[in-house]
Amino acid sequence: MEVRLNPEQWDGYKVVKHPRAQMLNAQLSARKADIDCKLYEWQTEGKIKGKAAKDIKAMIERFLEGEEEVRVTWGDYYKKAAARRKGSTYNIYMYTYERLMAWRDIHKITMDEITPDLLRDFESWMARTMPSPNSRAVHFDNIRAVCNDAIDDEVTQNYPFRKFKYRRVETQKRSLSLEELRTLLNWEVEPHQVRYRDMFLLTILLRGINIIDLANLTQDNVVGGRIEYIRAKTHRMISVKIEPEAAELIEKYRGKDYLVNISDLYQNHKDYISRIDRNLKK
């Protein structure tokens, strides 16, 4: 309904000094009643709880224009956003999806319906089996990133993290002392454990290189006595000098297609990492 009035024909609340004032005011009252009913419906369904006034206004404008509500569910959009992630990051996002689905069916909740109270309920549910705030924070990092993606994709303007805060606690240092490191590296091990200890030492000599990155190195990564590579997790360029001790281990375990033979022997890097962890613990 479009109504054109002169400034003096509107007193801020109703139409005045207009030949059809009574009819226009009746139409305005009817439209307002429609809006009030819709707001009550949204409030009952929890769709506007925690939303900013501008977001509610946009919902009303879409309603008045007769636009059908596009119900993009949290579950559908989360899986779509997770699919954009690569490798282990995708697996971490999907673990969060599994936790969410164990809590409740997020395919029955739209992106517009995610509220701070809903996130608090998820946090309380996780706390029963996941006492570490830092472990829970990883899941909320993923959910927050998906909410940001949804805003960028113009799926929603809803951002529940304005009023929902989660925390991390400082973790106790777990690094080995120099003496503990000497003890580990000089320990008498079984023959099959030697390679795992050697690979652990090589990661230290190469400035804490991740096993995945170590496994993917080729001769092309060796440049002028240094190893240069793009870290898989952060996509940052890393350059490390090859010290004589590291060169000795690289030569000892030189691969056919790779710098060291991890990927030549093991297609599943996760399995190899588990083997290293188990044997170092022993």
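Residues numbered from 1 in each chain as written. Predicted model: local features only at pLDDT ≥ 70, side-chain atom pairs only at ≥ 80, totals over all residues. Heavy atoms only, no water.

The next subject is the nonpolar core. Formed by 31 residues in total, the largest nonpolar core has its most connected members in W74, F140, I143 and F161. Sort the elements by how many residues they give to this core and helix α6 (residues 133–152) lands first, with seven residues. One finds I211, I242, I250 and I262 within the second-largest nonpolar core, a separate group that totals 24 residues. (Core = buried A, V, L, I, M, F, W, Y, C linked by side-chain atoms within 4.5 Å. Buried < 20%, exposed > 50% of the residue type's maximum accessible area, 1.4 Å probe, protein only. Helix = DSSP H or I, 4+ residues; strand = E, 2+ residues; numbered from the N terminus.)

Across the sheet, three strands lie side by side as β1-β2-β3; this open sheet has antiparallel pairing. Each edge of the sheet is formed by a strand with only one pairing partner; in this case those strands are β1 (222–223) and β3 (237–241). (Pairing = 2+ DSSP bridges.)

Moving on, we get to the packing of aromatic side chains. Scanning all chains against the criterion turns up 15 aromatic pairs. Aromatic pair W74 and W103: ring centres 6.3 Å apart, planes at 75 degrees, arrangement edge-to-face. A residue pair is termed long-range when its members are at least 10 positions apart, and W74 in helix α3 (residues 74–82) and W103 in helix α4 (residues 87–103) qualify at 29 residues. The structure contains a cluster of three or more aromatic residues connected by ring pairs, namely W74, W103, F122, W125, F140, Y159, F161, F164 and Y166. (Phe/Tyr/Trp six-rings, centres within 6.5 Å; stacked < 30°, edge-to-face > 60°.)

Positive charge collects at one region of the surface, where R207, R226, R236 and K241 lie side by side. With respect to the element layout, R226 can be found in strand β2 (residues 226–230). (Patch = residues over 30% accessible without salt bridge, like charges linked within 9 Å, V, L, I, M, F, W, Y side chains within 5 Å. Areas by Shrake-Rupley, 256 points an atom, 1.4 Å probe, with all protein chains shown as cover. Salt bridge = Lys/Arg side-chain N within 4 Å of Asp/Glu carboxyl O. Lys, Arg positive; Asp, Glu negative; His and termini not counted. Charge placed at Lys NZ, Arg CZ, Asp CG, Glu CD.)

This part is about the environment of P133. Within the element layout of this structure, P133 appears in helix α6. Along the sequence, P133 and Y78 sit 55 residues apart, while their C-alpha atoms lie 22 Å from each other. Sequence-distant contacts of P133, that is, excluding residues within four places in its chain, are made with R167 and V169. (Contact = heavy atoms within 4.5 Å.)

Take the packing of helix α8 (residues 194–205) against helix α10 (residues 244–252) next. Here α8 crosses α10 at 140 degrees, and the two axes come no closer than 10 Å. Considering the angle they form, α8 stands oblique to α10. Considering only the axes of α8 and α10, their crossing is left-handed. In this structure, α8 uses V194, D198, L201, L202 and L205 to contact α10, whose residues at the interface are E245, A246, L249, I250 and K252. (Axes fitted to C-alpha atoms, helices over the stretch in contact; angles between N-to-C directions. Parallel < 35°, antiparallel > 145°, perpendicular 65-115°, else oblique. Left-handed = near helix turned anticlockwise from the far one by under 90°.)

Moving on, we get to the side chain of E113. Its location among the elements puts E113 in the loop between α4 and α5 (116–127). Assessed through its relative accessible area of 15%, E113 is described here as buried. For E113, the contacting residues outside a window of four places in its chain are K47, R71, K108, L118 and N158.

A word on the side chain of N261. If you trace the backbone, N261 turns up in the loop between α10 and α11 (262–265). Discounting chain neighbours no more than four positions away, the residues touching N261 are R195, Y253, R254 and G255.

Alternating residues of β3 divide into I238 and V240, all buried, and M237, S239 and K241, none buried. Examined bridge by bridge, β2 and β3 share five bridges and lie antiparallel to one another. Looking across to β3, one finds that E228 is bridged to S239. Joining the antiparallel neighbours β2 and β3 is a turn of six residues, in which H235 adopts a positive phi near 65 degrees.

Moving on: unusual backbone geometry. At E154, a residue that is not glycine, the phi angle is positive and equals roughly 60 degrees. Take E154: it is sitting in the loop between α6 and α7 (178–186). Positive phi is not limited to glycine here, since R207 has a value of about 60 degrees. For R207, the location among the structural elements is in the loop between α8 and α9 (211–216). Note on R207: relative accessible area 57%, which makes it exposed.

Moving on, we get to the pattern of salt bridges. Counted under the stated rule, the structure contains 14 salt bridges. D11 is the salt-bridge partner of K14, the closest N and O atoms lying 3.0 Å from each other. When its relative accessible area of 42% is taken as the criterion, K14 is described as partly exposed. Taking the relative accessible area as the measure of exposure, D11 reaches 37% and is therefore partly exposed. A salt bridge links D36 to K32; the shortest N-O distance between them is 2.9 Å.

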